[in-house]
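Structural overview for review
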Amino acid sequence: MLLATIHNGVTLSGDSIIKRMKESVNKYPNELSVAMIKENIYLGNRWNNREALLNRKD
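As the structure is a prediction and not an experimental result, all values here were calculated from the model. (Residues numbered from 1 in each chain as written. Predicted model: local features only at pLDDT ≥ 70, side-chain atom pairs only at ≥ 80, totals over all residues. Heavy atoms only, no water.)

1. Comments concerning the overall build of the chain
Scanning the chain for helices and strands turns up 4 helices and 0 strands. Each helix and strand of the chain, ordered N terminal to C terminal, gives the series α-α-α-α. The C-alpha radius of gyration computed for the chain amounts to 18 Å, which surpasses the reference 10 Å derived for 58 residues by more than 25%, pointing to a less compact arrangement than a globule. Summarising its shape, the C-alpha atoms of the chain cover approximately 50 × 30 × 10 Å along the three principal directions. Sorting the 58 residues of the chain into buried and exposed places 5% on the buried side. (Helix = DSSP H or I, 4+ residues; strand = E, 2+ residues; numbered from the N terminus. Rg over C-alpha atoms; globule rule 2.2 N^0.38 Å. Buried < 20%, exposed > 50% of the residue type's maximum accessible area, 1.4 Å probe, protein only.)

2. Remarks on a nonpolar patch on the surface
The grouping of Leu 3, Tyr 28, Leu 32 and Met 36 at the surface amounts to a nonpolar patch, some 340 Å² of accessible area in total. Examined against the element boundaries, Tyr 28 turns out to sit in the loop between helix 2 (15–24) and helix 3 (30–40). (Patch = residues over 30% accessible without salt bridge, like charges linked within 9 Å, V, L, I, M, F, W, Y side chains within 5 Å. Areas by Shrake-Rupley, 256 points an atom, 1.4 Å probe, with all protein chains shown as cover. Salt bridge = Lys/Arg side-chain N within 4 Å of Asp/Glu carboxyl O.)

3. Quick look at the confidence of the model for the chain
Per-residue confidence for the chain gives a mean pLDDT of 82; residues scoring 70 or more make up 98%. Within the chain, the lowest mean pLDDT, 79, falls on helix 1 (residues 2–8), and the highest, 89, falls on helix 3. (pLDDT = per-residue confidence, 0-100.)

4. Overview of the environment of Asn 55
Checked against the element boundaries, Asn 55 lands in helix 4 (residues 50–56). Residue classification places Asn 55 among the exposed residues on the basis of a relative accessible area of 66%. When the C-alpha positions of Asn 55 and Lys 38 are compared, they lie 30 Å apart, and in sequence the two are 17 residues distant.

5. What about the environment of Lys 22?
Mapped onto the elements, Lys 22 comes out in helix 2. Between the C-alpha atom of Lys 22 and that of Gly 9, which follows or precedes it by 13 residues, the distance is 8.9 Å. Dropping the residues within four chain positions of it, Lys 22 is found in contact with Ile 6, His 7 and Gly 9. (Contact = heavy atoms within 4.5 Å.)

This is how it looks when you write it as C-alpha cells:
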C-alpha cells in the first residue's frame, strides 16, 4: 500500500524527493509479483465468512 501511495500520490512539497521515490517504485519486480499472487490467490469461500454473513443477515 505504501508503494501505491508513493506511485499514485500528488506532492504538496518536496517534489524532487517524491520524484526520486516514484522512479524507484515505478517497476514492480516480477519475482515480487509472483510471490504476492501466490500468497493471496486463495480468496476463500462464503462458508469461511459465515459469521459476517450472519451478522449482515445474508
